[in-house]
Amino acid sequence: AQGSPAESLDGACEHAIAARDLCPAFTESHIHLASISANGGNSELAARHLATARKTSPTSPTVAYASGELEFDRGTFEQATRFYRQAIANSGTQIKPIVTKLVNDTRFSAPDILQVIPADSARLYEAAQLSRRMINQPGTDQRLLAQLESTWLQHALALLTTSEQM
């Protein structure tokens, strides 16, 4: 028989604490403890665990993404945007979930979303391609997506043109 959700959470917490205690520099244990804390309604404790994870692994896109998600949930969008940008800069794998989340949230305008993608031609091009694919999805703001696609393509081209002249 499977245990209750509380028992599962208790077990996950126990294992994450044990991992952290065995190796305080193990970033994954801090990410798991942050997730458990956030899911339990303690965003301050989650933020402390993620701060420790950022110290032990400052370039980790996983830590930056988790930090962005926490700040997004806390409503501190400037911080969330900063962490999302860092996650994308360190790994393009986070572009789709981040752009999708921001495009589908009416609190974010085109300028807010545009600043999430760092000045890297490959990342800008990937974001533009994602915008193009999203345009025909039901419930999306086609005008916003077209604006994002166009601007990201222009920025990518400008960066490529500038780097060719050097």
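As the structure is a computational prediction, the values presented were derived from the model and not from experiment.

Asks: Please set out the nonpolar core residue by residue, giving values where relevant.
Replies: Side chains of nonpolar character tend, in soluble globular proteins, to be buried together. Counting residues in each nonpolar core, the largest one holds 28 residues, and the members touching the most others are Leu102, Val103, Ile113, Ile117, Leu148 and Trp152. If you list the elements that add at least two residues to this core, you get α4 (61-74), α5 (77-90), α6 (95-103), α7 (110-114), α8 (121-134) and α9 (142-165). Once you skip the residues sitting within four places of it in the chain, Leu148 turns out to touch Val103, Ala110, Ile113, Leu114 and Ser131. Grouped together as the second largest cluster of nonpolar side chains are 5 residues, Ala34, Ala47, Leu50 and Leu70 included.

Asks: How would you explain the packing of aromatic side chains if you had to name every residue and give the values?
Replies: Each aromatic ring pair is specified by the distance between its two centres and by the angle formed by the two planes. Counted by the stated rule, this structure contains 4 aromatic pairs. Taking the centre distance of 6.1 Å and the plane angle of 35° together, the rings of Tyr65 and Tyr84 count as tilted. Taken together, the residues Tyr65 in helix α4 and Tyr84 in helix α5 connect sequence positions 19 residues apart. Between the aromatic rings of Phe72 and Phe108, the centroid separation amounts to 5.8 Å while the plane-to-plane angle is 10°, which identifies the pairing as stacked.

Asks: So what about the environment of Ala51? Which residues, and what values?
Replies: Note on placement: Ala51 falls in helix α3 (residues 43-56). Sequence spacing of Ala51 and Ile31 is 20 residues, and the spatial spacing of their C-alpha atoms is 9.7 Å.

Asks: Which residues make up α4, and what are the values?
Replies: Its 14 residues give α4 an end-to-end C-alpha distance of 20 Å, which sits within 8% of 20 Å, the value for a rise of 1.5 Å per residue. Its side-chain oxygen 3.2 Å from the backbone nitrogen of Thr62, Ser60 forms the N-cap of α4. In the segment just after α4, Gly75 is the residue with positive phi, at about 85°.

Asks: Explain the packing of α3 against α4 to me, and be specific about the residues and the numbers.
Replies: Direction vectors running N to C along α3 and α4 enclose 155°, while the axes themselves pass 10 Å from each other. Classed by the angle they form, the pair α3 and α4 counts as roughly antiparallel. Where α3 crosses over α4, the two elements pack in a sense that is left-handed. Across the interface between the two elements, Ser43, Glu44, Ala46, Ala47, Leu50, Ala53 and Arg54 from α3 touch Val63, Ala66, Ser67, Leu70 and Arg74 from α4. Tallied by class, the residues present in the contact of α3 with α4 amount to 7 nonpolar, 2 polar and 3 charged.

What counts and how
- Residues numbered from 1 in each chain as written.
- Predicted model: local features only at pLDDT ≥ 70, side-chain atom pairs only at ≥ 80, totals over all residues.
- Heavy atoms only, no water.
- Core = buried A, V, L, I, M, F, W, Y, C linked by side-chain atoms within 4.5 Å.
- Buried < 20%, exposed > 50% of the residue type's maximum accessible area, 1.4 Å probe, protein only.
- Helix = DSSP H or I, 4+ residues; strand = E, 2+ residues; numbered from the N terminus.
- Contact = heavy atoms within 4.5 Å.
- Phe/Tyr/Trp six-rings, centres within 6.5 Å; stacked < 30°, edge-to-face > 60°.
- Expected span 1.5 Å × (residues − 1).
- Polar contact = N/O pair within 3.5 Å; in protein donor to acceptor, adjacent residues only side chain to side chain.
- Axes fitted to C-alpha atoms, helices over the stretch in contact; angles between N-to-C directions.
- Parallel < 35°, antiparallel > 145°, perpendicular 65-115°, else oblique.
- Left-handed = near helix turned anticlockwise from the far one by under 90°.
- Nonpolar A, V, L, I, M, F, W, Y, C, P; charged D, E, K, R; others polar.

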